[in-house]
Amino acid sequence: QKEVEQNSGPLSVPEGAIASLNCTYSDRVSQSFFWYRQYSGKSPELIMSIYSNGDKEDGRFTAQLNKASQYVSLLIRDSQPSDSATYLCAVGFQKLVFGTGTRLLVSP
Amino acid sequence: GAGVSQSPRYKVAKRGQDVALRCDPISGHVSLFWYQQALGQGPEFLTYFQNEAQLDKSGLPSDRFFAERPEGSVSTLKIQRTQQEDSAVYLCASSYPSGGGIDTQYFGPGTRLTVL
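Remember, predicted model here, so these are calculated numbers, not experimental data. (Residues numbered from 1 in each chain as written. Chains lettered and ligands numbered in written order. Predicted model: local features only at pLDDT ≥ 70, side-chain atom pairs only at ≥ 80, totals over all residues. Heavy atoms only, no water.)

**Q** Help me understand the overall build of chain A, please; the structure alone is not making it clear to me.
**A** A tally of regular secondary structure across chain A gives 0 helices and 11 strands. Taken from N to C terminus, the helices and strands of chain A fall in the order β-β-β-β-β-β-β-β-β-β-β. For chain A, whose C-alpha radius of gyration is 13 Å, the value lies close to the compact-globule estimate of 13 Å for 108 residues. Along the three orthogonal principal directions, the C-alpha set of chain A runs to about 40 × 30 × 20 Å. Taking all 108 residues of chain A together, the buried fraction comes to 44%. Restricting the contact set of chain A to residue pairs at least 6 apart, pairs at least 24 apart contribute 51%. Surface exposure of chain A reaches about 5,300 Å², of which carbon and sulfur atoms provide 47%. (Helix = DSSP H or I, 4+ residues; strand = E, 2+ residues; numbered from the N terminus. Rg over C-alpha atoms; globule rule 2.2 N^0.38 Å. Buried < 20%, exposed > 50% of the residue type's maximum accessible area, 1.4 Å probe, protein only. Contact = heavy atoms within 4.5 Å. Areas by Shrake-Rupley, 256 points an atom, 1.4 Å probe, with all protein chains shown as cover.)

Put into structure tokens, the structure is as follows:
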């Protein structure tokens, strides 16, 4: 079992819809969780970080953390074609463990 | 200010050659990380420095991989006797200890290494 698991996708949503991306992790003592966006051929860019149970909102993005169930999710409201990218879930403090990423396609 | 920079952006090496990849972190960032990203995969941790001290090198795949950060700023990742399986994008990231628990890692553009 991989330490951080994500559905590889692609996840296809129409413009304006809510995109829901999920991630599970195996290390129960993990404290810090991150969502990075990576456009093709580019480097990862931090979207959200979260370390407390519950929701954290930033603009169109909401990260949700449930430590008891060992999952973290990212909701993107009012999805735009420019949101089309691979979304990487990462867990850890200094040494980050990444999932393989979920490819999101937002169609106009 | 300027972000993390890496050079070269692209490197083609013949199998068996040695390569050196450079990372310039964001000015003032104490921590520096190297990751390896194979095609279609997420980045995988290689090693981590705090200032000039290499605190974790558990991800280096073999003794052919060596990293250094002698003055606590610029870092070099060296790969000796390159093999085809070393072909990947090598990402460098840096962070500044916030003291608040979560230190954001900012990634450079990466060096794409192709070993023929």
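Having seen it, we continue.
**Q** I'm lost on the pairing of strand β5 (residues 44–50) of chain B in this one. Help?
**A** Working note: regular strand, side chains alternate between the two faces of the sheet. All names here are of chain B. The element β5 is extensively covered by neighbouring structure, given that 5 of its 7 residues are classed as buried. Alignment of strand β4 (residues 31–37) against β5, held across 6 bridges, turns out to be antiparallel. Among the inter-strand pairings, L32 is bridged to a residue of β5, identified as F49. Between β4 and β5, which pair antiparallel one after the other, the connecting turn spans 6 residues, and G40 there sits at a positive phi close to 80 degrees. As defined by bridge partners, β5 adjoins strand β6 (residues 53–56) across 3 bridges and the pair is classed as antiparallel. Along β6, the bridge assignment pairs Y48 with D56. The loop that links β5 with its antiparallel partner β6 comprises 2 residues; one of these, N51, has a positive phi angle of about 55 degrees. (Pairing = 2+ DSSP bridges.)

**Q** I keep staring at the state of the cysteines and nothing clicks. Help me out?
**A** Put plainly, a disulfide is one covalent bond tying together the sulfur atoms of two cysteines. Across all of its chains, the model carries 2 disulfides over all chains by this definition. Paired through a disulfide, C23(A) and C89(A) show a sulfur-sulfur distance of 2.1 Å. Here the S-S torsion is close to -70 degrees, and the disulfide linking C23(A) with C89(A) is therefore left-handed. Taken together, the residues C23(A) in strand β3 (residues 19–25) and C89(A) in strand β9 (residues 85–91) connect sequence positions 66 residues apart. Note on cysteine connectivity: C23(B) is disulfide-linked to C92(B), with sulfurs 1.9 Å apart. (Disulfide = S-S within 2.5 Å.)

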